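Structure at a glance
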Amino acid sequence: MIRDVSNTYVTRAYGGFGRKEKKPVLDHINIEMKPAEIFGLVGESGCGKTTLGRSVLGLIDHEGEIYIDGLRQDKSRRWEMARKVQAVFQDPSSSLNPVKRIGWLLEEPLRIHRIGSRQERIKRVDEVLRMVGLDPSYKTRRIAELSGGQKQRVCIGCALMLEPKLIIADEATSALDVSVGAQILNLFRDLHERLGLALVFISHNLNLVYYLCDRIAVMYNGQIVELGTARTLYSAPAHPYTRTLLEAIPEIAGENPEPPGDETQREPAEGECCRFAFRCRWRESRCGITPPELVNIAPPGEPPHEVRCVLKGLTANSTRSGIFAPTGPAPG
Ligand SMILES: Nc1ncnc2c1ncn2[C@@H]1O[C@H](COP(=O)(O)OP(=O)(O)O)[C@@H](O)[C@H]1O
Ligand SMILES: [Mg+2]
């Protein structure tokens, strides 16, 4: 559960010699995850997805509260929390020591946490290798001998060693070829089903997230602008930004590069007005004045569908055409 999490980076202008400035990156994020849910986080580059992921992992300070499996995340508690939450990142090569053998790499979390005897640890390594679809004989190989997809499987294996409740996958398939990425997605789904693992899947690609996730939060400029079930977001996107993201999706999943991210998006001062207004097709005069709140627009009895837009999804039905029809298989 993520309650009211905000985050700022202290930056200095002029190559480090300028005035210290606090740069707000996350603005009061609230996400209540269900047990063993696959939750997607999407948005263009620079909107704060990685910062939120790193906050949940306890790698950086944050305001607000994050609870995982009933325990509050805190930088000082990282050790304890490592057994509850683990991460898989975009570039597997950079997170694995090239000198060591795969077996050694997988065993390391257990050694660090002093779990089990040597024999038990080796048994666990074999078990996890099988779980991620690699033969146990791989434990004697080194990273350089593996393909990109196999490296990512090893990373997922490392994340699984301590039997976490939650894995955060931050652009975990973005560096891979489309078909290899799809296999890794299937592995995540498989692990979720077999182990009851909760997953936060971070990506700039709404199509991938839709394919894998139960619910999705769309982020823009440090705020959640829309949150709902994958099906609702895909078939009836209510925020103009979500619609922009969907329109940018080409026919084949996984082939759209990360959108460049608009640096000017950070310009409006906090709380001044709708942050998306200056890029919005449906902009009205009130959008420049009133900062919109996140409100639930779902009909009574339906799962919540929250939108941060004064139009409250009125644009969703008016001009929606066939191009919004889902192309992938329905989730769940
Ligand atoms: N260590 C840092 N110091 C200062 N600013 C940072 C740092 N890391 C990220 N940022 C800024 O925070 C914003 C959000 O970054 P990030 O969370 O990486 O976004 P995303 O993962 O969605 O691309 C960006 O504007 C980025 O420039
Ligand atoms: Mg990122």
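Since the model is a prediction, treat every value here as computed from it, not as a measurement. All chains use their own residue numbering, which begins from 1 and follows the written sequence. As a convention, the first chain written is A and the first ligand written is 1, with the rest following in written order. Local features are withheld for residues below a pLDDT of 70 in this predicted model, meaning they are given only at 70 or higher, and side-chain atom pairs are given and counted only at 80 or more; totals for whole chains, interfaces and linings count all residues. Where side-chain values are given, they derive from all heavy atoms of the structure, hydrogens and water being excluded.

**With respect to the side chain of Thr229**
Locating Thr229 in the fold gives a position in strand 10 (residues 223-229). Here a polar contact means two N or O atoms within 3.5 Å. Within protein one must be a hydrogen donor candidate and the other an acceptor candidate, and residues neighboring in sequence count only if both atoms are side-chain atoms. Engagement of the side chain of Thr229 in a polar contact is seen with the side chain of Thr232, the distance being 2.5 Å. Whether two residues are in contact is decided by their heavy atoms: any pair within 4.5 Å suffices. Those residues within four positions of Thr229 in sequence are excluded, and the remaining contacts are Asp214, Arg215 and Pro303. Numbered from the N terminus, helices here are DSSP runs of H or I no shorter than four residues, and strands are runs of E no shorter than two.

**As for the pattern of salt bridges**
Opposite charge on two side chains lets them pair, provided their charged atoms get close. Any Lys or Arg side-chain nitrogen found within 4 Å of a carboxyl oxygen on Asp or Glu counts as a salt bridge. This model, assessed by the stated rule, comprises 13 salt bridges. Between Glu37 and Arg215 there is a salt bridge, and its shortest N-O distance comes to 2.6 Å. Of the two residues, Glu37 sits in the loop between strand 2 (20-31) and strand 3 (38-42) while Arg215 sits in strand 9 (residues 215-220), which places them 178 residues apart along the sequence. For the pair formed by Glu37 and Arg215, the shared burial category is buried. In this structure, Arg111 engages Glu107 in a salt bridge whose closest nitrogen and oxygen atoms are separated by 3.6 Å. Taken together, the positions of Arg111 and Glu107, both in helix 4 (residues 102-112) and four residues apart, correspond to about one turn of that helix. Accessibility expressed as a relative area gives 3% for Glu107, which makes it buried. Look at the salt bridges and you will find they share partners, linking Glu107, Arg111, Arg118 and Arg121 into a network. We call a residue buried when its accessible area falls under 20% of the maximum for its residue type, exposed when it is over 50%, and partly exposed in between, using a 1.4 Å probe and counting protein chains only.

**What about the packing of aromatic side chains?**
Ring pairs are drawn from Phe, Tyr and Trp, using the six-membered ring of Trp, whenever the two centres fall within 6.5 Å, and their geometry is named by plane angle: stacked under 30 degrees, edge-to-face over 60, tilted for the rest. All told, the structure shown has five aromatic pairs when counted by the stated rule. Their ring planes at 75° and their centres at 6.1 Å tell us that Phe188 and Phe201 sit as a pair that is edge-to-face. A residue pair is termed long-range when its members are at least 10 positions apart, and Phe188 in helix 7 (residues 178-195) and Phe201 in strand 8 (residues 198-203) qualify at 13 residues. Chaining the aromatic ring pairs together yields one cluster made of Tyr220, Tyr241 and Phe276. Across the ring face of Tyr138, the terminal group of Arg141 is positioned such that the distance to the ring centre comes to 4.3 Å. Remark: a charge is flagged as sitting over a ring if the NZ atom of Lys or the CZ atom of Arg is within 6 Å of the ring centre and within 35 degrees of the ring normal. One cation-aromatic arrangement involves Arg189 over Tyr211; the distance from NZ or CZ to the ring centre is 4.9 Å.

**Quick look at the packing of helix 4 against helix 6 (residues 148-160)**
Between N-to-C directions, angles span 0 to 180 degrees; the directions come from axes that are lines fitted to C-alpha atoms, helices contributing only their stretch in contact. For the pair helix 4 and helix 6, the least separation of the axes is 8 Å and the interaxial angle reads 30°. As far as their axial angle goes, helix 6 and helix 4 are roughly parallel. Like other packed secondary-structure pairs, helix 4 and helix 6 cross with a definite hand, here right-handed. Within the contact between the two elements, helix 4 uses Ile102, Leu105, Leu106 and Pro109 and helix 6 uses Val154, Gly157 and Cys158. Nonpolar residues are Ala, Val, Leu, Ile, Met, Phe, Trp, Tyr, Cys and Pro. Charged residues are Asp, Glu, Lys and Arg, and all others, Gly as well, are polar. Split into classes, the residues belonging to the contact of helix 4 with helix 6 amount to six nonpolar, one polar and no charged. Throughout, the term roughly parallel applies to angles under 35 degrees, roughly antiparallel to angles over 145, roughly perpendicular to angles from 65 to 115, and oblique to all others. Crossings are assigned a handedness: left-handed for a near helix turned anticlockwise from the far helix by less than a right angle, right-handed for a clockwise turn.

**A look at the nonpolar core**
Grouped burial of nonpolar side chains is what soluble globular proteins tend to show. Ile156, Leu160, Phe188, Phe201 and Ile216 are the most contacted members of the largest nonpolar core, which has 65 residues in total. Not counting chain neighbours up to four residues away, the residues in contact with Phe188 comprise Val88, Ile156, Ile167, Ala169, Ala172, Leu199 and Phe201. We define the nonpolar core as a collection of buried residues of types Ala, Val, Leu, Ile, Met, Phe, Trp, Tyr and Cys that are connected through side-chain atoms lying within 4.5 Å of one another. In this structure, Ile29, Ile31, Leu57 and Ile224 belong to the second largest nonpolar core, which totals 24 residues.

**Quick look at the sheet that holds strand 9**
Hydrogen bonds along the backbone pair up the strands of a sheet, which may run parallel or antiparallel. In spatial order, the strands read 6-7-8-3-9-10-12-11; together these eight strands make up an open sheet with mixed pairing. Two strands bound the open sheet, and with one partner strand each, they are strand 6 (85-88) and strand 11 (295-296). Relative to strand 12 (residues 306-307), strand 10 is paired through two bridges, and the arrangement is antiparallel. Considered in strand 12, the bridge of Leu227 is made with Glu306. Against the sheet, helix 1 (residues 49-56) makes contact with strand 3, strand 6, strand 7 (166-170), strand 8 and strand 9, and its axis sits at roughly 155° relative to strand 7, the strand it touches most. The strands touched by helix 10 (residues 240-247) are strand 9 and strand 10; relative to strand 9, the strand with the most contacts, the crossing angle is about 100°. We treat two strands as partners when DSSP finds at least two bridges between them.

**Digging into the pairing of strand 8**
When a strand is regular, its side chains alternate between the sheet's two faces. With respect to burial, strand 8 is a largely interior element, six of its six residues being buried. Residues Ala198, Val200 and Ile202 of strand 8 are buried on one face, and the alternating residues Leu199, Phe201 and Ser203, pointing to the opposite face, are buried as well. Pairing analysis gives five bridges linking strand 3 to strand 8, with the strands arranged parallel. Bridging from a neighbouring strand, Phe39 pairs with Val200 of strand 8.

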